[in-house]
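Overview (structure and organization)
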Amino acid sequence: GAVVSQHPSRVICKSGTSVKIECRSLDFQATTMFWYRQFPKKSLMLMATSNEGSKATYEQGVEKDKFLINHASLTLSTLTVTSAHPEDSSFYICSARTVPDEKLFFGSGTQLSVL
Amino acid sequence: QQQVKQSPQSLIVQKGGIPIINCAYENTAFDYFPWYQQFPGKGPALLIAIRPDVSEKKEGRFTISFNKSAKQFSLHIMDSQPGDSATYFCAASMADKLIFGTGTRLQVFP
């Protein structure tokens, strides 16, 4: 299957700092990528849909100014958690959709811990 | 309604058993139903998927049964192994959105 690379896999930061997470499709081009958040032993919650060359579409309740998404190329999307606080601590996962079969492949996730 | 209901929440079987995980949806606009396997600290991995025009799909030891009229679908794992111990998520997709079920934690004992 297609490979989606996500890094860092784990990051610890101080409250008030910003953290950038990268998501790359390694062997295919992805016009659409997705960002999810997962709490321990819970399901994945879609945060936003990232479209190459245009603004991201955020789900209801997700602060667009807090979670900045940039999809500048067909193989890279980034999620920046701005002014992180302890409540932002979570497992963040990206995914990318292949064309034309539209299968969704996931990155390995980023565990964010905000102290 | 965009929910996908998944059951059971957890499942324990012995090696060789056939765990069955069930999911139900309400929105008939969903047109793609994948299953994902997730190990702790990792992202979900696509296992198998089905579209509503097919009633069953089998790939290796994994089988999806799909009942369009009942709006239900299930995952069967044949000859389960300890290495299958993981959390399994069903999902339903329409347009750009993939809605996940709540997950089933499967434990397969030797």
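Above this text is the structure in question.
Here we come to the nonpolar core. Within soluble globular proteins, side chains that are nonpolar generally end up buried alongside one another. One finds B:Phe33, B:Trp35, B:Phe73, B:Leu75 and B:Tyr88 to be the most contacted residues of the largest nonpolar core, which totals 26 residues. Apart from residues no more than four positions distant in its own chain, B:Phe73 is found in contact with B:Val4, B:Ile21, B:Asn22, B:Cys23, B:Tyr25, B:Phe33, B:Trp35, B:Ser65, B:Phe66, B:Cys90 and B:Ala91. A:Val11, A:Phe67, A:Ala96 and A:Phe105 belong to the second-largest nonpolar core, a separate cluster that totals 25 residues.

All names here are of chain B. Within the fold, Glu 59 resides in strand β6 (residues 56-59). Between the C-alpha atoms of Glu 59 and Asp 31, which are 28 residues apart in sequence, the distance is 20 Å. Each residue touching Glu 59, except ones within four places of it in the same chain, is listed here: Leu 47 and Ile 48.

Overall, the coordinates contain 16 aromatic pairs over all chains when judged by the stated rule. The interplanar angle of 70 degrees and the centroid separation of 5.8 Å between the aromatic rings of A:Phe106 and B:Phe100 together place this pair among those described as edge-to-face. Taken as a pair, A:Phe106 in strand β10 (residues 104-106) and B:Phe100 in strand β10 (residues 97-100) lie in two separate chains rather than in one. Comparing A:Phe106 with B:Phe100 shows no difference in burial state: the two are buried. With 5.7 Å between their ring centres and 70 degrees between their planes, B:Trp35 and B:Phe73 make a pair best called edge-to-face. One end of the pair, B:Trp35, is in strand β4 (residues 33-38); the other, B:Phe73, is in strand β8 (residues 72-77), and 38 residues separate them in sequence. This pair shows no difference in class: B:Trp35 is buried, exactly as B:Phe73 is. In textbook terms, an aromatic cluster arises when at least three aromatic residues are bridged by ring pairs, as seen for B:Tyr25, B:Phe30, B:Phe33, B:Trp35, B:Phe66 and B:Phe73.

The next subject is the state of the cysteines. Residues and elements named next belong to chain A. Scanning the entire structure with this criterion turns up 2 disulfides over all chains. At a sulfur-sulfur separation of 2.0 Å, the disulfide partner of Cys 23 is Cys 94. Here Cys 23 and Cys 94 share a disulfide; its torsion about the S-S bond, 80 degrees, makes the bridge right-handed. Residue Cys 23 is located in strand β3 (residues 19-25), and its partner Cys 94 is located in strand β9 (residues 90-97); the two are separated by 71 residues in the primary sequence.

Taken as a whole and assessed by the stated rule, the structure comprises 5 salt bridges over all chains. Between A:Glu22 and A:Arg24 there is a salt bridge, and its shortest N-O distance comes to 3.4 Å. The closest approach of N and O atoms between B:Lys57 and B:Glu59, which form a salt bridge, is 3.6 Å. Owing to a relative accessible area of 37%, B:Glu59 belongs among the partly exposed residues under this scheme.

We now examine the sheet that holds strand β3 (residues 20-25) of chain B. Think of a sheet as strands paired side by side through backbone hydrogen bonds, with each pair either parallel or antiparallel. All names here are of chain B. The 5 strands lie next to each other as β1-β3-β8-β7-β6, forming an open sheet whose pairing is antiparallel. Of all strands in the sheet, those with a lone pairing partner are β1 (4-7) and β6, marking the two edges. Averaged over all pairs of adjacent strands, the angle between strand axes in this sheet comes to 15 degrees, irrespective of strand direction. Pairing geometry for β1 and β3, over 4 bridges, is antiparallel. Within the sheet, the bridge partner assigned to Val 4 lies in β3 and is Tyr 25.

Calculation criteria
- Residues numbered from 1 in each chain as written.
- Chains lettered and ligands numbered in written order.
- Predicted model: local features only at pLDDT ≥ 70, side-chain atom pairs only at ≥ 80, totals over all residues.
- Heavy atoms only, no water.
- Core = buried A, V, L, I, M, F, W, Y, C linked by side-chain atoms within 4.5 Å.
- Buried < 20%, exposed > 50% of the residue type's maximum accessible area, 1.4 Å probe, protein only.
- Contact = heavy atoms within 4.5 Å.
- Helix = DSSP H or I, 4+ residues; strand = E, 2+ residues; numbered from the N terminus.
- Phe/Tyr/Trp six-rings, centres within 6.5 Å; stacked < 30°, edge-to-face > 60°.
- Disulfide = S-S within 2.5 Å.
- Salt bridge = Lys/Arg side-chain N within 4 Å of Asp/Glu carboxyl O.
- Pairing = 2+ DSSP bridges.
- Axes fitted to C-alpha atoms, helices over the stretch in contact; angles between N-to-C directions.

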